Amino acid sequence: MKEIWIPELISALFLLLFIFRPLIKGLWPLDGLNWFPLLALVITLGLFPAYGFRPECVPLLLYFVVLVLLNLPSLHNDDFHDRGLGFILPTALLLVLAAAVALFFAPMDPTEKVTAPNIVMVRDERQNRNYTLHIFGPADDAAGSAVAEPQQTPGRPLLLVIPPEAGGIGAVDTLCANLADRGFTVISYSRDSSTPAELYRMWQSFRNGTVSKKANDFGRDLESGRREDLNFLLPYIKWNSAALVPGADPEQSAEAAGRGTPPEMLIIAGFGAGGAAAVYLASSPAFMAQNRQLQGIVAVESSFWSSYLAEERISRPIPATTNWFKKTGSAVQNWFANLRPLKMTGLGTVQRPTIPTLYLVSDHALDPKTGQTRYAAAFDLLQKPGPAPAALIALKGAGPLDYTDYPVEYSLYSALFPGQGEKTGLSSQDFREDTAAVITGFAAAVLQAPLAGTLRKGATRADYHLLTRSWEDSPWNLRDLRGILNP
């Protein structure tokens, strides 16, 4: 039995005794049962500090809060005889439903949380931001010290993982550890925590970013923030990599390269706005000239909100010769017209990166309607000519969150955001493993030997839909990506 089930079942039992007391004569003399809703609420509240945030317990918590508030008068005036079947049956049914959600979506026991072996704090004085870097790979003994001495370690590709906006660095720690086991040195980062209001706006962007200008504007702000992150972090990592990640310096000296570490070996894997920001920056010749170590980008569930166009407000002109009555009427019409929320009109020009890019999307992209809205920019980037090869992969059965750590620990998220197709017996952990396999296979396709050979590739468990854009004379071998994903 899962450990968390014990307090959940105890709290549910307390409520059942309270609810069915009017029907069981043996419980009538027990006046203390009126305190059982409050006791159940206290037990449920204790689950969160004990097990962390558990979204599947939120319905149960809200149920207990409401029942405690409704039961407050009974603490002074025991009126349980007045509660008939009209109260008992609906209350019991809601309890069963809330408890079923908590029990069914409880985490596997035991749940082992992955922590980064090295954590480095960095401050951007210009933007007044603090960054926390999580480092996985050969620098385990460096303890993240800024004065750590370089070590004689084999060359490894450097992978910068930009976490999703919702959830942050905690949503990718286990994925980063998996990628480090496959041969990368992995750096992920976090900065400001999201407020509930910001999480709501993220949800609105996810749902309506291609329809509503207000929702799209917030998505644009997220992408702009990730661009600022990259403009600060890439130079920082470049000039401090000998201390941050010994053996994985993107700009090693010739002596270091002689030890088997090529000077150019950085891959970016960005979730959401992070992937879009990396793609936008990689379309700039000036940016690429300053970051020659960047060899490829993996954009995971990126919607490219900045590539969509919004309608413009059109005010009715008011001729100077018009009488005051018509001027007033036109001014009122213009005022009301300006109150109307603006909508998005469609996809504009999408900037194309100058290095190989992989777009990893949920299988909702395979739906004709969704593929022409939320994933329209990704398909546009793939299907139209560009300066570098590209590929798009959709794992069949994978939802928008299945490429992160969260569905493994919070299976409710996977249920709330499912894929379009059947998972065919695959778990959320299988999709996370497949995410690491896809990123590794892509890196092996774009990195030059002998560095590509240091990566431990593996087959994907899920079936996938793959589209590629490449050329016969391309220096990158994305045409063989299918063989790399299923070696």
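A quick note: this is a predicted structure, and the numbers were derived from the prediction, not measured.

1. Section: the overall build of the protein
When helices and strands are counted, the protein shows 17 helices and 11 strands. For the protein, buried positions account for 52% of its 487 residues. Accessible surface computed for the protein: about 23,000 Å², of which carbon and sulfur atoms make up 59%.

2. Examining the packing of aromatic side chains
Throughout the structure, instances matching the rule amount to 16 aromatic pairs. The rings of Y131, Y189, F232 and Y236 are connected pair by pair, giving a single aromatic cluster.

3. Side note on the nonpolar core
Judged by nonpolar contacts, the single largest core of 92 residues is most densely connected at L159, V161, L179, V186, L230, F304 and I393. With 9 residues, the top contributor of residues to this core is helix α16 (residues 428-446). Those residues within four positions of L230 in sequence are excluded, and the remaining contacts are L160, I162, P235, I268, A277, A278 and L281. The next biggest cluster of nonpolar side chains, apart from the first, holds 26 residues, and it includes F14, L61, A102 and A106.

4. Let's talk about the packing of helix α2 (residues 36-51) against helix α3 (residues 58-71)
The interhelical angle for the contact between α2 and α3, taken along N-to-C directions, is 150 degrees, at an axis separation of 9 Å. On the basis of their axis angle, the class for α2 and α3 is roughly antiparallel. Considering the relative orientation of α2 and α3, their crossing is left-handed. Taking contact as the criterion, the partners of P37, L38, A40, L41, T44, L45 and F48 in α2 are, on α3, V58, L60, L61, F64, V65, V68 and N71. Each residue belonging to the contact of α2 with α3 can be placed in one class, and the counts come to 12 nonpolar, 2 polar and no charged.

5. Thoughts on unusual backbone geometry
Notably, E301 is not glycine yet its phi reads approximately 50 degrees, a positive angle. Turning to its location among the elements, E301 is positioned in the loop between β6 (294-300) and β7 (308-310). Even without glycine at this site, F304 takes up a positive phi of about 55 degrees. Tracing the sequence through the fold places F304 in the loop between β6 and β7. Its relative accessible area of 1% is what places F304 among the buried residues.

6. Considerations on the side chain of D405
Mapped onto the secondary structure, D405 falls in the loop between β10 (390-395) and α14 (406-409). Exposure remark for D405: the relative accessible area of 5% places this residue in the buried category. At 3.4 Å, the side chain of D405 forms a polar contact with the backbone nitrogen of V172. Ignoring anything within four residues of it in the chain, the contact list for D405 reads G170, A171, V172, D173, T174, L175 and R432.

7. Digging into helix α4 (residues 85-104)
Between its first and last C-alpha atoms α4 spans 28 Å; for 20 residues at 1.5 Å apiece the expected length is 28 Å, and the two agree. Along α4, the residues classified as buried are I88, T91, A92, L95, A98, A99 and A102. Each buried residue of α4 lies within a common arc of 135 degrees when the element is viewed along its axis, so the set occupies one face. Exposed side chains of α4 directed beyond 90 degrees from the buried face belong to L85, G86, L89, L93 and F104. In the core, the buried residues of α4 are packed alongside α1 (5-19) and α3.

8. Focus: the sheet that holds β10
Spatially, the 9 strands line up as an open sheet ordered β1-β2-β4-β3-β5-β6-β9-β10-β11, and their pairing is mixed. The open sheet has two free edges, formed respectively by β1 (118-124) and β11 (464-469), since each of these has just one partner strand. Across the sheet, the axes of successive neighbouring strands diverge by a mean angle of 20 degrees, strand direction being ignored. Where β10 lies against β11, 6 bridges are found, and the strand directions are antiparallel.

9. Some remarks on the confidence of the model for the protein
Confidence in the prediction of the protein, expressed as mean pLDDT, is 82, and 82% of residues score 70 or more. Below a pLDDT of 50 lies the segment residues 139-154, which in the model reaches 32 contacts outside its immediate sequence neighbourhood of four places, other chains included. In this model, residues 249-263 is a region of pLDDT below 50 whose contacts with residues beyond four sequence positions or in other chains number 30 contacts.

10. Regarding the environment of L455
Mapped onto the secondary structure, L455 falls in the loop between α16 and β11. According to the relative accessible area criterion, L455 is buried, its value standing at 5%. Considered as a pair, L455 and P157 are 298 residues apart in the sequence and their alpha carbons are 8.4 Å apart. Discounting chain neighbours no more than four positions away, the residues touching L455 are P157, R182, G183, F184, T440, A443, A444 and L447.

Calculation notes
Residues numbered from 1 in each chain as written. Predicted model: local features only at pLDDT ≥ 70, side-chain atom pairs only at ≥ 80, totals over all residues. Heavy atoms only, no water. Helix = DSSP H or I, 4+ residues; strand = E, 2+ residues; numbered from the N terminus. Buried < 20%, exposed > 50% of the residue type's maximum accessible area, 1.4 Å probe, protein only. Areas by Shrake-Rupley, 256 points an atom, 1.4 Å probe, with all protein chains shown as cover. Phe/Tyr/Trp six-rings, centres within 6.5 Å; stacked < 30°, edge-to-face > 60°. Core = buried A, V, L, I, M, F, W, Y, C linked by side-chain atoms within 4.5 Å. Contact = heavy atoms within 4.5 Å. Axes fitted to C-alpha atoms, helices over the stretch in contact; angles between N-to-C directions. Parallel < 35°, antiparallel > 145°, perpendicular 65-115°, else oblique. Left-handed = near helix turned anticlockwise from the far one by under 90°. Nonpolar A, V, L, I, M, F, W, Y, C, P; charged D, E, K, R; others polar. Polar contact = N/O pair within 3.5 Å; in protein donor to acceptor, adjacent residues only side chain to side chain. Expected span 1.5 Å × (residues − 1). Arc of directions from axis to C-beta. Pairing = 2+ DSSP bridges. pLDDT = per-residue confidence, 0-100.

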